[in-house]
Amino acid sequence: MQAPTGILEIDLDALAGNYRRLTEAAAGAEVAPAVKADAYGLGLEPVVRTLAAAGAQRFFVANLAEGLALRRHLPEADCLVLNGPLPGEERDYIAERLVPVLNTLEQIELWGAAARAAGRALPAVLHLDSGINRLGLTPAEAARLAAEPALLRDLSVELVMSHLACSDEPAHPGNAAQLARFRAAADALPGPAGTAPRSLAASCGVFLGESYRLQVVRPGYALYGGNPTAGRPNPMRPVVRLQARVLQARRVDPPAGVGYGATHRVERPARLVTLAIGYADGLFRALSNRGRLVIDGQALPIVGRISMDLTVVDASALPAERLLPGGFAEILGPGQDIEALATAAGTIGYEVLTALGRRHRRVYRGGPDGVVSGH
Ligand SMILES: *Cc1c(COP(=O)(O)O)cnc(C)c1O
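Computed from a predicted model, the values in this text were never measured in an experiment.

### Overview of the site of the ligand
Here's step 1: The local shell around the ligand holds 14 residues, among which Lys36, Tyr40, Ser203, Gly220 and Tyr350 are the closest.
Here's step 2: Lys36 places a side-chain nitrogen or oxygen 2.6 Å from an oxygen atom of the ligand.
Here's step 3: Tyr221 has a polar backbone atom sitting 2.8 Å from an oxygen atom of the ligand.
Here's step 4: Burial of the ligand by the protein chains amounts to 90% of its free accessible area of 390 Å².
Here's step 5: When grouped by side-chain class, the residues that make up the shell around the ligand number eight nonpolar, three polar and three charged.

### As for the pairing of strand E7 (residues 155-161)
Two faces make up the sheet, and in a regular strand the side chains alternate between them.
Here's step 1: Counting buried residues along E7, five of its seven residues qualify, which places the element largely inside the surrounding structure.
Here's step 2: Note on the crossover from strand E6 (residues 122-127) through helix H7 (residues 139-147) to E7: the handedness is right-handed.
Here's step 3: In terms of strand pairing, E7 meets strand E8 (residues 198-199) through two bridges, oriented parallel. Within E8, the residue paired with Val160 across the bridge is Arg198.

### What to know about the pattern of salt bridges
Here's step 1: Going through the model one piece at a time under the given rule, you end up with 12 salt bridges.
Here's step 2: Across the pair Glu30 and Arg58 runs a salt bridge, and its minimum N-O distance is 2.9 Å. With a gap of 28 residues between them, Glu30 in strand E2 (residues 30-31) and Arg58 in strand E3 (residues 58-61) connect regions that are remote in the sequence.
Here's step 3: A relative accessible area of 11% means that Arg58 is categorised as buried.
Here's step 4: Arg198 serves as the salt-bridge partner of Asp187, at 2.8 Å between the closest nitrogen and oxygen. Separated by 11 residues along the polypeptide, Asp187 in helix H8 (residues 173-187) and Arg198 in strand E8 bring together distant segments of the chain.
Here's step 5: Each of the salt bridges in this network shares a partner with another, and the network as a whole consists of Glu30, Arg58 and Glu158.

### Re the environment of Asn289
Here's step 1: Among the secondary structure elements, Asn289 is positioned in the loop between strand E13 (270-275) and strand E14 (292-295).
Here's step 2: On the basis of relative accessibility, which here comes to 36%, the residue Asn289 falls in the partly exposed class.
Here's step 3: Residues contacting Asn289, with those up to four places away along its chain left out, are Thr263, His264, Ile302, Val303, Gly304 and Arg305.
Here's step 4: A distance of 3.0 Å separates polar atoms of two side chains, one belonging to Asn289 and the other to Thr263.

### Brief notes about the pairing of E14
Here's step 1: Looking at chain direction, E14 and strand E15 (residues 298-301) are connected through four bridges and run antiparallel. Paired with Leu293 across the bridge in E15 is Leu300.
Here's step 2: Hairpin remark: E14 followed by E15, antiparallel, with two residues in the connecting loop; positive phi at Asp296, about 55°.

### Some details on the environment of His360
Here's step 1: In this structure, His360 sits in the loop between helix H11 (349-354) and strand E18 (361-365).
Here's step 2: Taking the C-alpha atoms as reference, His360 lies 6.8 Å from Thr5; in sequence the two are 355 residues apart.
Here's step 3: Here His360 is in contact with Gly6, Leu8, Leu242, Ile277 and Asp281, once residues within four sequence places are set aside.
Here's step 4: Of the polar contacts made by the side chain of His360, one reaches the backbone oxygen of Leu356; its length is 2.8 Å.

### Some words on the state of the cysteines
Here's step 1: Scanning the model with the defined rule gives zero disulfides in all.
Here's step 2: In this model Cys204 remains outside any disulfide bridge; the closest cysteine sulfur is found in Cys166, 11 Å from its own.

### Regarding the packing of helix H6 (residues 105-118) against H7
For any two helices packed against each other, one specifies the inter-axial angle together with the distance between the axes.
Here's step 1: It is at 10 Å that the axes of H6 and H7 come closest, and there the two elements cross at 40°. By the angle class used here, H6 and H7 are oblique. Contact residues: H6 offers Leu105, Ile108 and Glu109, while H7 offers Glu141, Arg144 and Leu145.
Here's step 2: The residue inventory of the contact of H6 with H7, partitioned by class, reads three nonpolar, no polar and three charged.

### Quick look at the nonpolar core
Here's step 1: If you look at the biggest cluster of nonpolar residues, it comprises 99 residues, and the most contacted ones within it are Val35, Ile108, Leu126 and Tyr224.
Here's step 2: Looking at this core, the element that brings in the most residues is helix H1 (residues 12-26), giving seven residues.
Here's step 3: Residues in contact with Tyr224, not counting those within four places in the same chain, are Leu15, Ala34, Val35, Ala39, Tyr40, Leu42, Val47, Val239, Val240, Ile338 and Leu353.
Here's step 4: In terms of nonpolar packing, the next biggest core, distinct from the first, is built from 10 residues, Phe60, Leu82, Val99 and Val216 among them.

Conventions and cut-offs
Here, residues in each chain are numbered from 1, in the same order as that chain's written sequence. pLDDT decides what is reported in this predicted model: residues at 70 or higher carry local features, side-chain atom pairs at 80 or more are listed and counted, and totals for whole chains, interfaces and linings draw on all residues regardless. Note: side-chain values were computed over all heavy atoms of the structure, leaving out hydrogens and water. We call a residue near a given molecule or strand whenever any one of its heavy atoms falls within 4 Å of it. Whenever two N or O atoms come within 3.5 Å, that pair is a polar contact, provided that in protein one can donate a hydrogen and the other can accept it, and provided that, for residues adjacent in sequence, both atoms are side-chain atoms. Surface accessibility in these figures is a Shrake-Rupley result with a 1.4 Å probe; residues are shielded only by whichever protein chains are displayed. When residue character is reported, Ala, Val, Leu, Ile, Met, Phe, Trp, Tyr, Cys and Pro are called nonpolar, Asp, Glu, Lys and Arg charged, and the others, Gly included, polar. Burial here depends on accessible area, computed with a 1.4 Å probe over protein chains only, as a share of the maximum for the residue type. Under 20% is buried, over 50% is exposed, and the range in between is partly exposed. Only DSSP runs of H or I with at least four residues qualify as helices, and only runs of E with at least two residues qualify as strands; both kinds are numbered from the N terminus onward. Assignment of crossover handedness uses the view with strands pointing away from the viewer, where a clockwise path from the first strand over the helix to the second indicates a right-handed crossover. Pairing between strands is defined by DSSP: at least two bridges between them are needed. Put simply, a salt bridge is a Lys or Arg side-chain nitrogen that is within 4 Å of an Asp or Glu carboxyl oxygen. In this analysis, two residues are considered to be in contact whenever any of their non-hydrogen atoms come within 4.5 Å of each other. The definition used for a disulfide is geometric: two cysteine sulfur atoms within 2.5 Å. Helix axes are fitted only over the stretch in contact, all axes being lines through C-alpha atoms; the angle between N-to-C directions runs from 0 to 180 degrees. When describing relative orientation, an angle under 35 degrees is termed roughly parallel and one over 145 degrees roughly antiparallel, while 65 to 115 degrees is termed roughly perpendicular and anything else oblique. Buried Ala, Val, Leu, Ile, Met, Phe, Trp, Tyr and Cys residues that are joined via side-chain atoms within 4.5 Å together make up what is termed a nonpolar core.

These results come straight from atomic positions and should not be treated as a statement about function.
What follows is the structure, given as structure tokens:
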């Protein structure tokens, strides 16, 4: 096999440790992992096998295709599908025992009709929008349910959920406002839905305090090592390490430009190192002339534009003998966490993870038996 260029290491023991840490923080609430978008880019199968072995029973994915993939890996788990069914998808939901999150009156009607056709009550999650104004029943739609309880008659509501807009800002008044609106709207639901278990918190919400945790929390980001307590030390263990190969080291004398557009000018003799990673591998082009990568514990500035497959750093701070072709530069790891890279790129750690790309060699460390060990 050809020598790999980027190596993406995923520490499944750290993932399981983060699940346990969140279970402690949730203090009695069930922890139902969010594993949408291929488990935030880390690989659905090894992630869900690890989380199931750590005790997780219910999982959130975004859409039908992700639900079907999850079902293949975990035949027994509860798969909750956040976007809910589109017309025509009901059969697959029923056949694969996927539980839809119902976000609109149309979805409630669709799923109710599917239940009547199936001749039995079907499980569902109800999503109330408490102020993010993104997805979920509006207050007017939730009021329709109270006025027309028959809309829920053929459904078995196993969870009522809502989603916070500003949970990464603990002092934001929107958090308490959403909690109060969610409570009132959920209390007003007719029949058993009014007393069904509730869920409001994702990763950051778990750390907002007991009143936000309710019966079920739905963390994603924190499981994968992201910091759920913005601005405070990260209580989670790092899960991801990404390194790229050094392809070439060279001395460059001024005057000289580096990369497309010559946007970096060499002002004094410099040692430049070219790495086999680019924006097609999730190293955002916005990091051009801004970000840093780490070689041998030394942070080195990215110089010039990041291109599709290549990135250049100024390694003048390191002696030439430590810059051998075939050596590694760290993009994510002990020397640079997800948040630091995201901040330099003007984005959030979530986008860093989900953009990691498919070209890296993936190495899964630890985890329960039967987890794939790399591809
Ligand atoms: C993605 C998502 C989550 C998980 O969010 P994190 O911030 O990654 O913990 C929870 N709930 C909903 C509705 C989501 O869309």
